[in-house]
Amino acid sequence: MIKVSKFGGSSVADATQFKKVADIIKSDPDRRFVVVSAAGKRFSKDNKITDLLLLVNAHIQYGVDCTSLLASIEERFVEIARDLNLKFPVSEEFARFVDNLPNATPEFVVSRGEWFTGQLMAEYLGYPFVDAADVIVFHHDGTVDMERTQTRLREATVHTGGRFLLPGFYGSTVDGQLKLFKRGGGDISGAILARCIDAGLYENWTDVSGFLAADPRIVDNPRGIHRITFEEMRELSYMGASVLQEEAIFPVREVNIPIQIKNTNAPDDFGTIIRETANEHAREHLITGIAGKKDFVGIYVQKAHMSNEVGFVRRALSILESYGVSVEHIPTGVDSFSIVVNGADVKESIYSIVADIQRDIKPDSINVLPGLALISVVGRNMSRRAGTSGQIFGVLGEAGINIRMITQSSQEISIIVGVQNEDFEKAIHVIYDRFGDAVVVREQ
Ligand code: ASP
(Lines give C-alpha, C1' and ligand atoms only; values in the text may rest on other atoms or scores of the structure.)
Protein backbone atom coordinates (compact mmCIF):
# COMPACT_ATOMS: atom_id res chain seq x y z
CA MET A 1 0.00 0.00 0.00
CA ILE A 2 1.21 3.52 -0.72
CA LYS A 3 0.97 5.89 2.23
CA VAL A 4 1.31 9.64 2.06
CA SER A 5 2.59 10.94 5.39
CA LYS A 6 2.09 14.61 6.09
CA PHE A 7 3.79 16.22 9.09
CA GLY A 8 2.51 19.47 10.54
CA GLY A 9 4.58 22.36 11.86
CA SER A 10 5.05 21.13 15.43
CA SER A 11 6.21 17.75 14.08
CA VAL A 12 9.13 19.43 12.30
CA ALA A 13 9.83 22.25 14.76
CA ASP A 14 13.41 21.24 15.66
CA ALA A 15 16.00 18.47 15.44
CA THR A 16 14.30 16.39 18.15
CA GLN A 17 11.09 16.41 16.15
CA PHE A 18 12.98 15.63 12.91
CA LYS A 19 14.31 12.49 14.61
CA LYS A 20 10.81 11.39 15.56
CA VAL A 21 9.69 11.89 11.96
CA ALA A 22 12.60 9.82 10.66
CA ASP A 23 11.79 7.01 13.11
CA ILE A 24 8.19 7.03 11.97
CA ILE A 25 9.11 6.96 8.27
CA LYS A 26 11.71 4.24 8.72
CA SER A 27 9.37 2.05 10.75
CA ASP A 28 7.09 1.47 7.75
CA PRO A 29 8.36 0.92 4.18
CA ASP A 30 4.96 2.00 2.79
CA ARG A 31 5.65 5.58 3.93
CA ARG A 32 7.26 6.62 0.67
CA PHE A 33 5.79 10.05 0.16
CA VAL A 34 6.31 12.69 2.81
CA VAL A 35 4.83 16.19 2.96
CA VAL A 36 5.99 18.78 5.47
CA SER A 37 4.77 22.08 6.82
CA ALA A 38 7.18 24.83 7.78
CA ALA A 39 8.84 24.41 11.18
CA GLY A 40 6.28 25.39 13.78
CA LYS A 41 6.32 26.12 17.50
CA ARG A 42 8.83 24.30 19.75
CA PHE A 43 7.07 25.51 22.89
CA SER A 44 3.83 27.39 23.44
CA LYS A 45 5.23 30.93 23.31
CA ASP A 46 7.46 30.15 20.31
CA ASN A 47 6.78 31.46 16.80
CA LYS A 48 5.88 29.54 13.69
CA ILE A 49 8.25 30.18 10.80
CA THR A 50 5.24 30.96 8.57
CA ASP A 51 4.13 33.72 10.96
CA LEU A 52 7.64 35.18 10.99
CA LEU A 53 7.76 35.16 7.19
CA LEU A 54 4.41 36.92 7.02
CA LEU A 55 5.96 39.50 9.31
CA VAL A 56 8.91 39.83 6.91
CA ASN A 57 6.40 40.67 4.18
CA ALA A 58 4.83 43.34 6.35
CA HIS A 59 8.25 44.88 7.05
CA ILE A 60 9.05 44.92 3.34
CA GLN A 61 5.69 46.46 2.51
CA TYR A 62 6.22 49.32 4.96
CA GLY A 63 9.92 49.69 4.22
CA VAL A 64 10.99 48.76 7.76
CA ASP A 65 14.32 47.05 8.36
CA CYS A 66 13.92 43.37 9.29
CA THR A 67 17.51 42.19 9.54
CA SER A 68 17.15 40.74 13.02
CA LEU A 69 13.85 39.05 12.15
CA LEU A 70 15.49 37.39 9.15
CA ALA A 71 18.43 36.34 11.33
CA SER A 72 16.07 34.66 13.79
CA ILE A 73 14.41 32.70 10.96
CA GLU A 74 17.78 31.67 9.54
CA GLU A 75 18.91 30.56 12.99
CA ARG A 76 16.02 28.09 13.30
CA PHE A 77 17.14 26.31 10.13
CA VAL A 78 20.85 26.58 10.93
CA GLU A 79 20.19 24.96 14.28
CA ILE A 80 18.33 22.01 12.79
CA ALA A 81 21.04 21.46 10.16
CA ARG A 82 23.78 21.71 12.79
CA ASP A 83 22.08 19.40 15.30
CA LEU A 84 21.52 16.77 12.64
CA ASN A 85 24.87 17.21 10.81
CA LEU A 86 23.16 18.02 7.54
CA LYS A 87 25.13 19.22 4.52
CA PHE A 88 22.44 21.45 3.06
CA PRO A 89 24.03 24.93 2.79
CA VAL A 90 21.44 26.79 4.88
CA SER A 91 23.40 30.02 5.26
CA GLU A 92 24.26 30.28 1.56
CA GLU A 93 20.71 29.56 0.49
CA PHE A 94 19.34 31.95 3.08
CA ALA A 95 21.71 34.70 1.90
CA ARG A 96 20.44 34.11 -1.63
CA PHE A 97 16.87 34.38 -0.40
CA VAL A 98 17.64 37.65 1.41
CA ASP A 99 19.39 39.08 -1.69
CA ASN A 100 16.27 38.30 -3.74
CA LEU A 101 13.88 39.89 -1.26
CA PRO A 102 13.54 43.22 -3.10
CA ASN A 103 12.05 41.40 -6.13
CA ALA A 104 10.24 38.62 -4.27
CA THR A 105 6.47 38.22 -4.18
CA PRO A 106 4.77 37.77 -0.79
CA GLU A 107 3.94 34.17 -1.79
CA PHE A 108 7.56 33.42 -2.50
CA VAL A 109 8.63 34.79 0.88
CA VAL A 110 5.99 32.88 2.89
CA SER A 111 6.52 29.60 1.03
CA ARG A 112 10.22 29.55 1.98
CA GLY A 113 9.24 28.14 5.37
CA GLU A 114 8.11 24.91 3.76
CA TRP A 115 10.94 25.02 1.22
CA PHE A 116 13.78 25.21 3.78
CA THR A 117 12.10 22.76 6.17
CA GLY A 118 11.51 20.40 3.25
CA GLN A 119 15.12 20.61 2.02
CA LEU A 120 16.43 19.73 5.46
CA MET A 121 13.96 16.91 6.01
CA ALA A 122 14.58 15.46 2.54
CA GLU A 123 18.29 15.22 3.24
CA TYR A 124 17.73 13.80 6.71
CA LEU A 125 15.40 11.09 5.41
CA GLY A 126 17.48 10.46 2.29
CA TYR A 127 14.42 11.20 0.12
CA PRO A 128 14.58 13.26 -3.11
CA PHE A 129 13.20 16.79 -2.72
CA VAL A 130 10.44 17.63 -5.21
CA ASP A 131 9.67 21.35 -5.28
CA ALA A 132 5.92 21.96 -4.95
CA ALA A 133 6.33 24.83 -7.43
CA ASP A 134 7.07 22.22 -10.11
CA VAL A 135 4.23 19.81 -9.39
CA ILE A 136 1.28 21.48 -7.62
CA VAL A 137 -0.30 23.51 -10.41
CA PHE A 138 -2.70 26.34 -9.64
CA HIS A 139 -5.14 28.09 -11.93
CA HIS A 140 -4.85 31.87 -11.83
CA ASP A 141 -7.99 32.05 -9.67
CA GLY A 142 -6.20 30.16 -6.90
CA THR A 143 -7.90 26.78 -7.44
CA VAL A 144 -5.82 23.72 -8.20
CA ASP A 145 -5.47 22.41 -11.74
CA MET A 146 -5.94 18.77 -10.74
CA GLU A 147 -5.26 17.34 -14.16
CA ARG A 148 -1.88 18.99 -14.62
CA THR A 149 -1.01 18.40 -10.98
CA GLN A 150 -1.77 14.71 -11.31
CA THR A 151 0.36 14.35 -14.44
CA ARG A 152 3.28 16.13 -12.82
CA LEU A 153 3.07 14.29 -9.52
CA ARG A 154 2.93 10.96 -11.32
CA GLU A 155 5.96 11.93 -13.40
CA ALA A 156 7.72 12.86 -10.18
CA THR A 157 7.09 9.42 -8.71
CA VAL A 158 8.80 7.91 -11.75
CA HIS A 159 11.79 10.31 -11.79
CA THR A 160 12.44 9.84 -8.10
CA GLY A 161 12.22 6.07 -8.09
CA GLY A 162 9.00 6.00 -6.14
CA ARG A 163 9.73 8.04 -3.04
CA PHE A 164 10.06 11.75 -2.40
CA LEU A 165 9.53 14.65 -0.04
CA LEU A 166 7.18 17.46 -1.01
CA PRO A 167 6.96 20.78 0.83
CA GLY A 168 3.31 21.60 1.54
CA PHE A 169 1.29 24.82 1.36
CA TYR A 170 2.36 26.16 -2.06
CA GLY A 171 2.48 25.51 -5.74
CA SER A 172 2.56 27.64 -8.86
CA THR A 173 0.64 28.57 -11.98
CA VAL A 174 1.81 27.26 -15.36
CA ASP A 175 3.65 30.52 -15.93
CA GLY A 176 5.56 30.12 -12.69
CA GLN A 177 3.70 32.48 -10.37
CA LEU A 178 3.85 31.05 -6.82
CA LYS A 179 0.51 30.56 -5.05
CA LEU A 180 -0.36 29.54 -1.49
CA PHE A 181 -3.17 27.52 0.00
CA LYS A 182 -4.90 29.07 2.97
CA ARG A 183 -3.28 28.86 6.42
CA GLY A 184 -2.81 25.29 7.52
CA GLY A 185 -2.90 24.34 3.85
CA GLY A 186 -0.10 21.78 4.05
CA ASP A 187 -2.94 19.37 4.85
CA ILE A 188 -4.41 20.14 1.43
CA SER A 189 -1.10 19.49 -0.35
CA GLY A 190 -0.90 16.10 1.33
CA ALA A 191 -4.46 15.23 0.36
CA ILE A 192 -3.86 16.23 -3.26
CA LEU A 193 -0.71 14.12 -3.42
CA ALA A 194 -2.54 11.13 -1.91
CA ARG A 195 -5.28 11.45 -4.47
CA CYS A 196 -3.04 11.98 -7.48
CA ILE A 197 -0.84 8.95 -6.82
CA ASP A 198 -3.69 6.67 -5.68
CA ALA A 199 -2.45 6.25 -2.14
CA GLY A 200 -4.18 3.70 0.05
CA LEU A 201 -3.91 5.91 3.14
CA TYR A 202 -3.31 9.57 3.86
CA GLU A 203 -1.57 9.92 7.22
CA ASN A 204 -1.79 13.29 8.86
CA TRP A 205 0.79 13.55 11.66
CA THR A 206 0.21 16.25 14.22
CA ASP A 207 0.57 16.84 17.96
CA VAL A 208 -2.66 15.23 19.14
CA SER A 209 -3.77 11.60 18.97
CA GLY A 210 -6.69 12.33 16.69
CA PHE A 211 -10.20 13.41 17.54
CA LEU A 212 -11.49 13.17 21.08
CA ALA A 213 -15.08 12.35 21.94
CA ALA A 214 -15.40 15.65 23.83
CA ASP A 215 -13.41 18.80 24.48
CA PRO A 216 -10.72 17.96 27.09
CA ARG A 217 -11.04 21.49 28.50
CA ILE A 218 -14.57 20.54 29.55
CA VAL A 219 -14.45 16.78 30.12
CA ASP A 220 -11.49 15.16 31.93
CA ASN A 221 -9.75 12.59 29.81
CA PRO A 222 -12.35 12.02 27.11
CA ARG A 223 -11.84 8.88 25.06
CA GLY A 224 -10.28 9.10 21.63
CA ILE A 225 -12.37 8.53 18.53
CA HIS A 226 -10.79 5.66 16.60
CA ARG A 227 -13.13 5.59 13.64
CA ILE A 228 -15.25 8.36 12.23
CA THR A 229 -16.97 8.98 8.93
CA PHE A 230 -16.31 12.08 6.84
CA GLU A 231 -19.85 13.20 7.47
CA GLU A 232 -19.55 12.87 11.25
CA MET A 233 -16.24 14.68 11.14
CA ARG A 234 -17.78 17.57 9.27
CA GLU A 235 -20.47 17.83 11.95
CA LEU A 236 -17.94 17.83 14.79
CA SER A 237 -15.46 20.16 13.09
CA TYR A 238 -18.20 22.60 12.28
CA MET A 239 -18.95 22.77 15.98
CA GLY A 240 -15.36 23.52 16.81
CA ALA A 241 -13.63 20.13 17.17
CA SER A 242 -11.11 20.83 14.46
CA VAL A 243 -7.90 18.90 13.93
CA LEU A 244 -7.55 19.05 10.18
CA GLN A 245 -7.85 21.76 7.53
CA GLU A 246 -11.41 21.18 6.32
CA GLU A 247 -10.56 21.57 2.65
CA ALA A 248 -8.08 18.76 2.94
CA ILE A 249 -10.91 16.31 3.16
CA PHE A 250 -12.40 16.76 -0.28
CA PRO A 251 -9.57 15.55 -2.54
CA VAL A 252 -9.33 12.24 -0.69
CA ARG A 253 -12.99 11.83 0.17
CA GLU A 254 -14.01 11.93 -3.48
CA VAL A 255 -11.85 8.91 -4.23
CA ASN A 256 -12.45 7.13 -0.94
CA ILE A 257 -8.93 7.29 0.50
CA PRO A 258 -9.03 7.12 4.30
CA ILE A 259 -7.24 9.73 6.41
CA GLN A 260 -5.53 8.71 9.62
CA ILE A 261 -4.71 11.39 12.17
CA LYS A 262 -1.63 10.36 14.14
CA ASN A 263 0.47 11.90 16.90
CA THR A 264 4.18 12.38 16.10
CA ASN A 265 4.88 12.54 19.84
CA ALA A 266 2.98 9.31 20.58
CA PRO A 267 3.22 7.29 17.37
CA ASP A 268 1.90 4.11 18.97
CA ASP A 269 -1.45 5.75 19.74
CA PHE A 270 -3.98 4.61 17.18
CA GLY A 271 -5.23 8.11 16.39
CA THR A 272 -8.37 8.55 14.30
CA ILE A 273 -9.23 7.02 10.94
CA ILE A 274 -11.65 9.07 8.86
CA ARG A 275 -13.36 7.30 6.00
CA GLU A 276 -16.61 7.24 4.06
CA THR A 277 -18.18 4.41 6.06
CA ALA A 278 -17.02 2.94 9.33
CA ASN A 279 -19.27 0.09 10.28
CA GLU A 280 -17.06 -2.90 10.25
CA HIS A 281 -17.09 -3.56 13.99
CA ALA A 282 -19.71 -5.49 15.87
CA ARG A 283 -19.43 -3.37 19.02
CA GLU A 284 -19.27 0.34 18.52
CA HIS A 285 -19.88 3.46 20.51
CA LEU A 286 -23.39 4.81 20.32
CA ILE A 287 -22.07 8.34 20.17
CA THR A 288 -19.00 9.21 18.14
CA GLY A 289 -18.44 12.59 19.76
CA ILE A 290 -19.89 15.73 21.25
CA ALA A 291 -18.92 19.26 20.28
CA GLY A 292 -20.45 22.63 20.70
CA LYS A 293 -20.10 26.38 20.54
CA LYS A 294 -21.41 29.30 22.52
CA ASP A 295 -22.72 32.70 21.57
CA PHE A 296 -25.35 32.04 18.97
CA VAL A 297 -28.28 34.43 18.66
CA GLY A 298 -31.90 33.46 18.04
CA ILE A 299 -34.13 35.92 16.20
CA TYR A 300 -37.67 34.92 17.17
CA VAL A 301 -40.39 36.09 14.79
CA GLN A 302 -44.10 35.65 15.49
CA LYS A 303 -47.14 36.51 13.40
CA ALA A 304 -50.69 35.22 13.68
CA HIS A 305 -51.74 33.10 10.67
CA MET A 306 -48.25 33.21 9.32
CA SER A 307 -48.68 29.63 8.17
CA ASN A 308 -51.22 30.79 5.60
CA GLU A 309 -48.86 33.33 4.12
CA VAL A 310 -46.53 32.13 1.39
CA GLY A 311 -42.93 33.39 1.33
CA PHE A 312 -42.80 34.70 4.88
CA VAL A 313 -39.72 32.78 6.00
CA ARG A 314 -38.02 33.29 2.66
CA ARG A 315 -38.33 37.07 2.97
CA ALA A 316 -36.79 37.02 6.44
CA LEU A 317 -33.97 34.82 5.20
CA SER A 318 -33.27 37.03 2.23
CA ILE A 319 -32.78 39.95 4.62
CA LEU A 320 -30.09 37.98 6.42
CA GLU A 321 -28.59 37.06 3.08
CA SER A 322 -28.38 40.72 2.13
CA TYR A 323 -26.23 41.25 5.24
CA GLY A 324 -24.02 38.31 4.27
CA VAL A 325 -25.06 36.42 7.42
CA SER A 326 -25.28 32.67 7.16
CA VAL A 327 -28.13 30.93 8.93
CA GLU A 328 -27.41 27.98 11.24
CA HIS A 329 -30.90 26.69 12.05
CA ILE A 330 -34.54 27.64 11.53
CA PRO A 331 -36.76 25.99 14.13
CA THR A 332 -40.36 26.68 13.15
CA GLY A 333 -43.78 26.70 14.82
CA VAL A 334 -47.16 27.22 13.22
CA ASP A 335 -47.21 30.98 13.63
CA SER A 336 -43.61 31.60 14.54
CA PHE A 337 -40.11 30.73 13.60
CA SER A 338 -36.62 31.47 14.90
CA ILE A 339 -33.53 32.08 12.93
CA VAL A 340 -30.38 31.01 14.71
CA VAL A 341 -27.20 32.76 13.63
CA ASN A 342 -23.66 33.03 14.89
CA GLY A 343 -23.48 35.94 17.34
CA ALA A 344 -20.19 37.22 15.93
CA ASP A 345 -21.74 37.47 12.43
CA VAL A 346 -24.47 39.89 13.55
CA LYS A 347 -22.55 41.86 16.17
CA GLU A 348 -22.66 45.08 14.17
CA SER A 349 -25.81 44.48 12.16
CA ILE A 350 -28.44 42.97 14.48
CA TYR A 351 -30.40 46.22 14.98
CA SER A 352 -30.58 46.93 11.26
CA ILE A 353 -31.57 43.33 10.55
CA VAL A 354 -34.42 43.51 13.06
CA ALA A 355 -35.54 46.85 11.63
CA ASP A 356 -35.55 45.42 8.10
CA ILE A 357 -37.57 42.38 9.21
CA GLN A 358 -40.06 44.71 10.96
CA ARG A 359 -40.44 46.83 7.86
CA ASP A 360 -40.58 44.07 5.24
CA ILE A 361 -42.70 41.40 6.88
CA LYS A 362 -44.52 43.26 9.66
CA PRO A 363 -44.55 40.51 12.28
CA ASP A 364 -46.65 40.77 15.45
CA SER A 365 -43.50 40.49 17.49
CA ILE A 366 -39.82 40.00 17.03
CA ASN A 367 -37.36 39.18 19.81
CA VAL A 368 -33.65 38.74 19.82
CA LEU A 369 -32.39 36.10 22.23
CA PRO A 370 -28.61 36.19 22.63
CA GLY A 371 -26.40 33.82 24.60
CA LEU A 372 -27.48 30.58 22.98
CA ALA A 373 -25.04 27.66 23.01
CA LEU A 374 -25.41 24.81 20.55
CA ILE A 375 -24.29 21.30 21.35
CA SER A 376 -24.08 18.66 18.66
CA VAL A 377 -24.19 15.02 19.69
CA VAL A 378 -22.84 13.11 16.72
CA GLY A 379 -22.96 9.41 15.98
CA ARG A 380 -23.71 7.28 12.94
CA ASN A 381 -24.94 4.58 15.32
CA MET A 382 -27.72 6.78 16.66
CA SER A 383 -29.46 6.63 13.32
CA ARG A 384 -32.68 4.56 13.27
CA ARG A 385 -32.24 3.63 16.92
CA ALA A 386 -35.20 4.57 19.07
CA GLY A 387 -34.72 6.43 22.29
CA THR A 388 -31.38 8.22 21.98
CA SER A 389 -32.79 11.71 21.71
CA GLY A 390 -35.25 10.97 24.51
CA GLN A 391 -32.39 9.95 26.76
CA ILE A 392 -30.34 13.02 25.86
CA PHE A 393 -33.24 15.31 26.72
CA GLY A 394 -33.82 13.23 29.84
CA VAL A 395 -30.33 13.70 31.26
CA LEU A 396 -30.46 17.42 30.49
CA GLY A 397 -33.82 17.66 32.25
CA GLU A 398 -32.55 15.76 35.29
CA ALA A 399 -29.65 18.20 35.49
CA GLY A 400 -32.09 21.11 35.50
CA ILE A 401 -30.91 22.36 32.12
CA ASN A 402 -33.53 24.06 30.00
CA ILE A 403 -33.41 23.15 26.30
CA ARG A 404 -34.07 26.16 24.11
CA MET A 405 -33.85 24.50 20.73
CA ILE A 406 -33.74 21.01 19.23
CA THR A 407 -32.84 19.84 15.74
CA GLN A 408 -31.81 16.58 14.21
CA SER A 409 -29.89 16.21 10.96
CA SER A 410 -31.83 14.48 8.23
CA GLN A 411 -29.52 11.46 8.23
CA GLU A 412 -30.09 11.18 11.99
CA ILE A 413 -26.35 11.30 12.59
CA SER A 414 -26.52 14.36 14.81
CA ILE A 415 -28.85 15.75 17.42
CA ILE A 416 -28.38 19.42 18.16
CA VAL A 417 -29.64 21.04 21.32
CA GLY A 418 -29.57 24.72 22.14
CA VAL A 419 -29.06 25.72 25.79
CA GLN A 420 -28.18 28.95 27.62
CA ASN A 421 -24.47 29.84 27.42
CA GLU A 422 -24.27 29.38 31.23
CA ASP A 423 -25.41 25.76 30.93
CA PHE A 424 -23.02 24.85 28.11
CA GLU A 425 -20.24 23.09 30.04
CA LYS A 426 -22.64 21.35 32.40
CA ALA A 427 -24.73 20.08 29.49
CA ILE A 428 -21.68 18.61 27.74
CA HIS A 429 -20.65 16.99 31.01
CA VAL A 430 -23.94 15.29 31.68
CA ILE A 431 -24.31 14.10 28.09
CA TYR A 432 -20.76 12.74 28.05
CA ASP A 433 -21.12 11.08 31.45
CA ARG A 434 -24.23 9.29 30.31
CA PHE A 435 -23.27 8.41 26.72
CA GLY A 436 -19.50 8.82 26.34
CA ASP A 437 -18.77 5.13 26.76
CA ALA A 438 -22.13 3.66 25.77
CA VAL A 439 -21.75 0.91 23.18
CA VAL A 440 -24.14 -0.67 20.75
CA VAL A 441 -23.91 -4.13 19.29
CA ARG A 442 -24.34 -4.17 15.57
CA GLU A 443 -26.12 -6.97 13.81
CA GLN A 444 -23.62 -8.29 11.29
N1 ASP B 1 2.92 26.66 7.23
C2 ASP B 1 1.56 26.97 6.88
C3 ASP B 1 0.85 27.60 8.06
O4 ASP B 1 1.42 27.79 9.12
C5 ASP B 1 0.83 25.81 6.29
C6 ASP B 1 0.74 24.61 7.19
O7 ASP B 1 1.33 24.59 8.27
O8 ASP B 1 0.05 23.66 6.81
O9 ASP B 1 -0.29 27.94 7.92
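Every value quoted in this text rests on a predicted model; they were computed, and no experiment measured them.

Asker: Quick question: what am I supposed to make of the packing of helix H4 (residues 90-100) against helix H5 (residues 106-125) here?
Answerer: Between two packed helices, what matters for the description is the angle formed by their axes and the separation of those axes. Packing of H4 against H5 brings their axes to within 12 Å, and their N-to-C directions diverge by 165 degrees. Looking at the two axes, H4 sits roughly antiparallel to H5. As H4 packs across H5, the resulting crossing turns out to be right-handed. Two secondary-structure elements touch here, H4 through Val-90, Glu-93, Phe-94 and Phe-97 and H5 through Phe-108, Val-109, Arg-112, Trp-115, Phe-116 and Leu-120. Considered class by class, the residues forming the contact of H4 with H5 number eight nonpolar, no polar and two charged.

Asker: Would you explain the sheet that holds strand S17 (residues 414-420) in this entry?
Answerer: Strand pairing in a sheet is mediated by backbone hydrogen bonds. Such pairs are either parallel or antiparallel. Strand order in the open sheet formed by six strands is S13-S14-S12-S15-S17-S16, with antiparallel pairing between adjacent strands. Of all strands in the sheet, those with a lone pairing partner are strand S13 (327-329) and strand S16 (403-408), marking the two edges. Between one strand axis and the next, the sheet turns by 35 degrees as a mean value, whatever way the strands run. Sitting on the sheet, helix H12 (residues 350-361) touches strand S12 (289-302) and strand S15 (365-378), and the angle it makes with S15 is about 115 degrees.

Asker: What exactly am I supposed to notice about the packing of aromatic side chains here?
Answerer: One pass over the full model with this rule turns up 14 aromatic pairs. Measuring from ring centre to ring centre gives 6.4 Å for Phe-18 and Tyr-124, while their planes differ by 45 degrees; the resulting arrangement is tilted. Within this pair, whereas Phe-18 is found in helix H1 (residues 15-26), its partner Tyr-124 is found in helix H5, the two being separated by 106 residues in sequence. Relative accessible area serves as the criterion here: at 0%, Phe-18 is assigned to the buried category. The class of Tyr-124 is partly exposed, set by a relative accessible area of 23%. Measuring from ring centre to ring centre gives 6.2 Å for Phe-97 and Phe-108, while their planes differ by 45 degrees; the resulting arrangement is tilted. A residue pair is termed long-range when its members are at least 10 positions apart, and Phe-97 in helix H4 and Phe-108 in helix H5 qualify at 11 residues. What makes Phe-108 partly exposed here is its relative accessible area of 24%. In textbook terms, an aromatic cluster arises when at least three aromatic residues are bridged by ring pairs, as seen for Phe-77, Phe-88, Phe-94, Phe-97, Phe-108, Trp-115, Phe-116 and Phe-129. The ring of Tyr-238 has Lys-293 sitting right over it, with the charged end atom 5.5 Å from the ring centre. Lying over the aromatic face of Phe-435, Arg-434 brings its terminal NZ or CZ to 4.8 Å of the ring centre.

Asker: I'm lost on the pairing of strand S14 (residues 336-342) in this one. Help?
Answerer: Regular strands place side chains that alternate from one sheet face to the opposite one. S14 sits mainly inside the fold: seven of its seven residues count as buried. Alternating residues of S14 divide into Ser-336, Ser-338, Val-340 and Asn-342 and Phe-337, Ile-339 and Val-341, and every residue in both groups is buried. Here S12 runs beside S14; their pairing, made up of seven bridges, is antiparallel. Note that in S14 the partner of Gly-298 across the bridge is Val-340. Pairing between S13 and S14: two bridges, direction antiparallel. Residue pairing for S14: Val-327 is matched across the bridge by Val-341. Between S13 and S14, which pair antiparallel in sequence order, lie six residues.

Asker: How should the sheet that holds strand S3 (residues 137-138) be read in this particular structure?
Answerer: Strand order across the open sheet formed by three strands is S3-S5-S6, with mixed pairing between neighbours. Each edge of the sheet is formed by a strand with only one pairing partner; in this case those strands are S3 and strand S6 (178-180). Note: strand S5 (residues 170-173) against S6, three bridges, orientation antiparallel. Considered in S6, the bridge of Ser-172 is made with Leu-178. In the packing of H5 onto the sheet, contacts are made with S5 and S6, and the angle to S6 comes to roughly 70 degrees.

The rules we used
- Residues numbered from 1 in each chain as written.
- Predicted model: local features only at pLDDT ≥ 70, side-chain atom pairs only at ≥ 80, totals over all residues.
- Heavy atoms only, no water.
- Axes fitted to C-alpha atoms, helices over the stretch in contact; angles between N-to-C directions.
- Helix = DSSP H or I, 4+ residues; strand = E, 2+ residues; numbered from the N terminus.
- Parallel < 35°, antiparallel > 145°, perpendicular 65-115°, else oblique.
- Left-handed = near helix turned anticlockwise from the far one by under 90°.
- Contact = heavy atoms within 4.5 Å.
- Nonpolar A, V, L, I, M, F, W, Y, C, P; charged D, E, K, R; others polar.
- Pairing = 2+ DSSP bridges.
- Phe/Tyr/Trp six-rings, centres within 6.5 Å; stacked < 30°, edge-to-face > 60°.
- Buried < 20%, exposed > 50% of the residue type's maximum accessible area, 1.4 Å probe, protein only.
- Lys NZ or Arg CZ within 6 Å of the ring centre and 35° of its normal.

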